[in-house]
Amino acid sequence: MGFYLLSYLCIAAFVIATGYRIYRQMTLPVHVRWEIYPVQTETAAKAAYGGSYLEEIDWWEKKRGRSLLNEVRYMVPEILFIRGLWKENRGLWWVSFPFHFGLYLMIATFVLLVIHAAFTLWGAAGFGEGSSPRILLDGLIALMGWIGLILGTIGSLGLLHRRLTDPELRNYATPADYFNLILILLFFLSALVACLSGDPLLGGAKAYTLGLLTGGNPPVPYLPGQSAPGILAIVSASLLAAYIPLTHMSHMFMKYFLYHDVKWDDAPNRRGGRIEAAVRKNLALRPTWGAKHVEADGQKTWGDIASSAPKEVK
Amino acid sequence: MTRPLNPAGIADASECLCHIETGELAELPPPYEDFNRVTLPPLKPERAKNIEASLDDTVAIGIPKPASKEEEEALVRRFLAGLQKLFEKENNWTFLQPLLLSMEHCARCQTCSNACPVYEMSGHKEIYRPNFRAEVLRRIWRKYLKPGGKLAAKLSGDIDLNWTAIARLAELAYRCTLCRRCAAVCPIGVDNGLINHEIRKLFSQEMGIAPKEIHDKGTVQHLRVGSTTGMNPLAAKDSMEFIQEEMEEITGYKVEVPWDVEGADILLLHNAGEMLAWPENVGAFAIIFQAAGISWTLSSEAAGYDAVNYGLWYDDVQFSRVAVKHADIARRLKVKKIVLGECGHAHKALTVIADRLLTGDLNIPRESGMVTLEKIVLGGKLKFDPRRNDFPVTLHDPCNVVRAMGIVEPQRRILRKIAPRFREMTPHGVMNYCCGGGSGFAIMSGYNFSEWRNLVSSRKKFLQILEAFKGEPPEAPKYVCAPCSNCKGAIRDIIGYYHAEERSRLYYGGLVELIVNAMADMKKPLIRFGDEPSWTA
């Protein structure tokens, strides 16, 4: 039960930390625009060379061309294959891609394990032993699991090697960077060894997931920790789930905000619109900057200060 | 072997953190090999004895040295107070979300470094790496402002905080042109250029520390006198009168400049520096608008004839004041839209950044001059003879117009129509390189800063220009079209510093000059290459 408890606590930590990060982003004040082109939510024709709606004469009188399709076409290879790194830092891509793709496949494998456990538990029609859906799901779990573990192990070893040997990376690396990589490597390696030691179809993972959905009392009894690599895999995976959202590695999902709320946020402020209302709220905030020329006294609002000329030079 | 400098090294006690040795700067091709032996000489001790100058061999700000240990400690406390304010919505709603995102998610993969022309051209000097200063700020923030930071710093990157580190960080914030190429290539979307911008703000808004060219002589003078050039409204009108006469003399075309026309379709905002340094640019705009029958006006109100907004580079408060002033002038003139002349940062300042500052009737539509000109040139109302521009032309993309606004094609469509020998630089468009004068560098010259700019930050642009004209005979005049005042200033200085007019016959100018030069109505050319007219009737 101790392992399940650890996993539950870590999953809860993941949900809370991720939820907090997202909540905080969504409640921050509207900021000034700071987009960089190409903005991939533009139409494909404009995004191809980095153009914007500001290229149009009297742009404010026209409907803004937006393209979800273009955005998806850009984002899918960016997320899955880290296209940006391929283009700008090829040497690093060779180790970063397997690392990230390995992690993605682990997440996908976990989702499949949950589906597998749910079907097993709640007896989905046609999911009995030897049924085609079950064989298919078993196959997918094994395929994704194996590829993910192999790629992830190669990637984390490669990244660790790069951090240790590339002076550019080593010079900026902190103990936490090494700890992060070692923790992830530990997970990949221990899970890989567990599979290699007589569990090629990830039976242990299936049983443990079944246990997770049943408060540690699966219909098919499974005692976690039947092997040392199994223990390590369960503990490190649980800790990683809790740990990632607390670190810069949360870029995995926070990238959405980095792109959509900053890099691609080109939404114009229309009179009477949502953005204008938010800006008015911001202009009522009272800054306390200390330089004399700001002339902030804690009472004047941004609006007051913006519509005044400074009396002091410094 | 010496330990490579890392962010913690910024606090080290040394006389100079970075020195570029002869031969370390990126190599220039013939006939500029002699400049490969040139490097920045250290500042003379007597010039630097009372100011903070321990970062590298140049000085942008010239912060006075504190008189006592107590003063140093007070400055450190003030710095930390300012840093805290960067993360408060009351003080920094303008950039809080982008700042937090970039502070918290960098993986230190250094992909940004390869994109930075200053880092590359300097011979890969560590302090100029885009992530160096960002990482310094991250470490200080985590260690000194986050709960448990001092303990966590042992794991997440330690740094000591002393006045030396702070003074160096202030100077270092003025070794990046804010071109944001680093941000454009970051796979995660982290913006180290933004962090640099925020460092500048902290120093200005909390500690009153900024280069005098952009604060005292910049925004302060702009708001007090009416222009960063020091021109008051009367002087601005006098300048325009002179320009009108000049334009008639040069081109044979009589032009009238409308002032303060209420209800005009367009309020044209120029960088007032154009009136003094490149009057033909302002005159060319007037000719084009008049010939096209546009309803337009200039404003003679203080600040209304100067589109610049230096606050964009270092201070949100000063930025807001200038932007509101511009919008208010347009509002009272009851114009339909503001059109920005050839000034890149003014484009971004008023069109993009101020977009989430101006509300109600201050939110007057703003348009790039590139777009307005495209409609005129391609509209068919004006007749052109492109053969008049029969010389090699290349286009410099101002970062603020292209990467920051996505205005890429209008200027190119114009050039394709009027400049038959137009060719692109490599790379161009949204992946262009900065002229080296961005974020105020073009107007900063105190101490030996302009020499650093010519040698380091403008070097990549110089290489690009030379590459664009490769294969052209040295004696053939070549035109670098730079539709931005600051970029023009930087390119003028490159050409002067490297004797590129004498060695490669490089000339520079704006877009409107090329347009007027090709107008069939002109009796005489506007563009001259030294004493040589660009065409003869």
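Residue positions are given per chain, counted from 1 along the sequence in the order it is written. Key to labels: chains lettered from A, ligands numbered from 1, both in the order written. The predicted origin of the model limits local features to residues at a pLDDT of at least 70 and limits the giving and counting of side-chain atom pairs to 80 or more, whereas totals for whole chains, interfaces and linings rest on all residues.

Considerations on the overall build of chain B
Link 1 in the chain: By definition, any uninterrupted DSSP run of H or I lasting at least four residues is a helix, any uninterrupted run of E lasting at least two residues is a strand, and each is numbered from the N terminus. Broken down by element type, chain B carries 25 helices and 10 strands.
Link 2 in the chain: This radius of gyration counts C-alpha atoms alone. The globule rule is 2.2 Å times how many residues there are, raised to the power 0.38. At 23 Å, chain B has a C-alpha radius of gyration in line with the 24 Å of a compact globule built from 537 residues.
Link 3 in the chain: Taking the principal axes of its C-alpha atoms as reference, chain B extends roughly 75 × 55 × 45 Å.
Link 4 in the chain: Burial statistics for chain B: of 537 residues in total, 61% are counted as buried.
Link 5 in the chain: Counting only contacts in chain B whose residues sit at least 6 apart along the sequence, the fraction spanning at least 24 positions is 78%. Here a residue counts as buried when 20 or more other C-beta atoms sit within 10 Å of its C-beta, as exposed when there are 12 or fewer, and as partly exposed otherwise, the C-beta atoms being derived from the backbone. Placing a C-beta atom from the backbone of each residue, one calls two residues in contact when those atoms lie within 7 Å.

Concerning the overall build of chain A
Link 1 in the chain: A count of helical and extended segments in chain A gives 13 helices and zero strands.
Link 2 in the chain: The C-alpha atoms of chain A give a radius of gyration of 25 Å, which is well past the 20 Å a tight globule of 314 residues would have.
Link 3 in the chain: Dimensions of chain A, computed from C-alpha atoms along their principal axes, come out at roughly 75 × 45 × 40 Å.
Link 4 in the chain: In chain A, buried positions account for 35% of the 314 residues.
Link 5 in the chain: Excluding contacts between residues fewer than 6 apart, the proportion of contacts in chain A whose partners are at least 24 apart in sequence is 62%.

Some remarks on the sheet that holds strand β4 (residues 366–368) of chain B
Residue and element names in this part refer to chain B.
Link 1 in the chain: A pair of strands is treated as paired once DSSP finds two or more bridges between them. Strand order in the open sheet made by the four strands is β2-β1-β3-β4, with parallel pairing throughout. Both outer strands of the open sheet, β2 (296–297) and β4, are each paired with one neighbouring strand and no more.
Link 2 in the chain: Bridge count for strand β1 (residues 266–269) against strand β3 (residues 337–340) is four bridges, and the pairing is parallel. What sits directly across from I266, in β3, is K337.
Link 3 in the chain: Docked against the sheet, helix α18 (residues 369–379) engages β3 and β4, running at close to 65° with respect to β4. Angular values range over 0 to 180 degrees, each being the angle between N-to-C directions of two axes fitted as lines to C-alpha atoms, with helices fitted over their stretch in contact.

Some details on the interface of chain B and chain A
Link 1 in the chain: Listed by partner, the interface residues are 74 residues for chain B and 71 residues for chain A.
Link 2 in the chain: Lys, Arg, Asp and Glu make up the charged group, whereas Ala, Val, Leu, Ile, Met, Phe, Trp, Tyr, Cys and Pro make up the nonpolar group; the residues left over, Gly among them, are polar. Across the side of chain B that touches chain A, the residue classes break down as 34 nonpolar, 23 polar and 17 charged.

Here we look at the packing of helix α5 (residues 90–121) of chain A against helix α9 (residues 203–213) of chain A
Residues and elements named next belong to chain A.
Link 1 in the chain: The interhelical angle for the contact between α5 and α9, taken along N-to-C directions, is 65°, at an axis separation of 9 Å. Here α5 lies roughly perpendicular to α9, going by the angle between them. For α5 against α9, the interelement crossing comes out right-handed. Along its contact with α5, which presents L113, V114, H116, A117, A118, T120 and L121, the element α9 presents A205, K206, T209, L210 and L213. When an angle is under 35 degrees it counts as roughly parallel; over 145 it counts as roughly antiparallel; between 65 and 115 it counts as roughly perpendicular; any other value is oblique. It is the rotation of the near helix from the far one that decides the hand of a crossing: anticlockwise by less than a right angle makes it left-handed, clockwise makes it right-handed.

Regarding the sheet that holds strand β5 (residues 393–395) of chain B
Two modes of strand pairing occur in sheets, parallel and antiparallel, and in both the strands are linked by backbone hydrogen bonds.
All names here are of chain B.
Link 1 in the chain: The sheet built from four strands is open, its strands ordered β6-β5-β7-β8 with parallel pairing. Strands with a single pairing partner mark the edges of an open sheet, and in this sheet they are β6 (422–423) and β8 (506–509).
Link 2 in the chain: Note: β5 against strand β7 (residues 478–481), three bridges, orientation parallel. The partner of L395 across the bridge, within β7, is C481.
Link 3 in the chain: Contacts from helix α20 (residues 409–418) reach β5, β6 and β7 within the one sheet, and its direction differs from that of β5 by about 175°.
Link 4 in the chain: Along the sheet, helix α23 (residues 485–497) makes contact with β7 and β8, crossing β8 at roughly 165°.

Looking at the pairing of β8 of chain B
Residues and elements named next belong to chain B.
Link 1 in the chain: Of the two faces of β8, the one lined by L506 and Y508 and the one lined by Y507 and G509 are each fully buried.
Link 2 in the chain: Bridge count for β7 against β8 is four bridges, and the pairing is parallel. For V480, the partnering residue across the bridge sits in β8 and is Y508.

Some details on unusual backbone geometry
All names here are of chain B.
Link 1 in the chain: Cis geometry is found at the peptide bond from P30 to P31, where omega equals 5°.
Link 2 in the chain: On the secondary structure map, P31 appears in the segment before α1 (45–48).
Link 3 in the chain: Despite not being glycine, R108 has its phi angle at roughly 55°, a positive value.
Link 4 in the chain: With respect to the helices, strands and loops of the structure, R108 is situated in the loop between α4 (96–104) and α5 (117–121).
Link 5 in the chain: Positive phi outside glycine occurs at A303, with the angle close to 80°.
Link 6 in the chain: Counting through the fold element by element, A303 comes out in the loop between β2 and α15 (311–314).
Link 7 in the chain: For A303, a count of 27 C-beta atoms within 10 Å gives the class buried.

A closer look at the nonpolar core
Residue and element names in this part refer to chain B.
Link 1 in the chain: Nonpolar cores are built from buried Ala, Val, Leu, Ile, Met, Phe, Trp, Tyr and Cys residues. These are joined into a set through C-beta atoms within 7 Å. One finds A323 and I515 to be the most contacted residues of the largest nonpolar core, which totals 207 residues.
Link 2 in the chain: For this core, the element with the most residues is helix α16 (residues 316–333), which contributes nine residues.
Link 3 in the chain: Non-local contacts of A323, meaning those with residues more than four positions away in its chain, are made with N309, A349, L350, A354, L357 and L358.

Details of the confidence of the model for chain A
Link 1 in the chain: Looking at chain A as a whole, the pLDDT averages 93, with 97% of positions reaching at least 70.
Link 2 in the chain: Helix α12 (residues 274–283) of chain A holds the highest mean pLDDT among the elements of chain A, 98, whereas α9 of chain A holds the lowest, 91. The pLDDT value tells you how sure the predictor is about a given residue, anywhere from 0 up to 100.

Examining the domain arrangement of chain B
All names here are of chain B.
Link 1 in the chain: Where each domain starts and ends follows an automatic or database-derived domain assignment. Partitioning chain B into domains gives domain 1 (7–207), domain 2 (229–374) and domain 3 (382–533).
Link 2 in the chain: Distance between the C-alpha centres of domain 1 and domain 2: 34 Å.
Link 3 in the chain: Facing six residues of domain 1, the contacting portion of domain 2 comprises five residues.
Link 4 in the chain: Broken down by class, the residue content of the side of domain 1 that touches domain 2 amounts to one nonpolar, three polar and two charged.

Regarding the environment of E374 of chain B
Residue and element names in this part refer to chain B.
Link 1 in the chain: Looking at the element boundaries, E374 is found in helix α18.
Link 2 in the chain: For E374, a count of 21 C-beta atoms within 10 Å puts it in the buried group.
Link 3 in the chain: Separated by 338 residues in sequence, E374 and N36 have C-alpha atoms that sit 41 Å apart.
Link 4 in the chain: Other than its neighbours up to four places away in sequence, E374 contacts P410, R413 and I414.

Regarding the packing of helix α2 (residues 69–86) of chain B against helix α10 (residues 192–207) of chain B
Residues and elements named next belong to chain B.
Link 1 in the chain: Where α2 meets α10, the axes come as close as 9 Å, and the angle between the chain directions of the two elements is 120°. One finds that α2 runs oblique with respect to α10. For the crossing formed where α2 meets α10, the hand is right-handed. Facing α2, whose interface residues are R78, F79, A81, G82, L83, K85 and L86, α10 presents E198, L202, Q205, E206 and M207.

A word on the confidence of the model for chain B
Link 1 in the chain: With 100% of its residues at a pLDDT of at least 70, chain B reaches an overall mean of 96.
Link 2 in the chain: In the predicted assembly, ipTM is 0.95 and pTM is 0.96.

What to know about helix α6 (residues 130–145) of chain B
Link 1 in the chain: Compared with the 22 Å implied by 1.5 Å per residue over 16 residues, the 23 Å span of α6 of chain B between its first and last C-alpha is a close match.
Link 2 in the chain: With 14 of its 16 residues buried, α6 of chain B lies for the most part within the structure. Between the first and last residue of a helix there are one fewer steps than residues, each counted as 1.5 Å, and that sum is the expected span.

Considering the environment of P29 of chain A
Residue and element names in this part refer to chain A.
Link 1 in the chain: Within the element layout of this structure, P29 appears in the loop between α1 (2–27) and α2 (44–47).
Link 2 in the chain: We classify P29 as partly exposed; it has 16 C-beta atoms within 10 Å.
Link 3 in the chain: For the pair P29 and L232, spaced 203 residues apart in sequence, the C-alpha separation works out to 43 Å.

What about the environment of K383 of chain B?
Link 1 in the chain: Here K383 of chain B shows up in the loop between α18 and β5.
Link 2 in the chain: Once the C-alpha coordinates of K383 of chain B and W535 of chain B are considered, the two residues, 152 residues apart in sequence, prove to be 17 Å apart.

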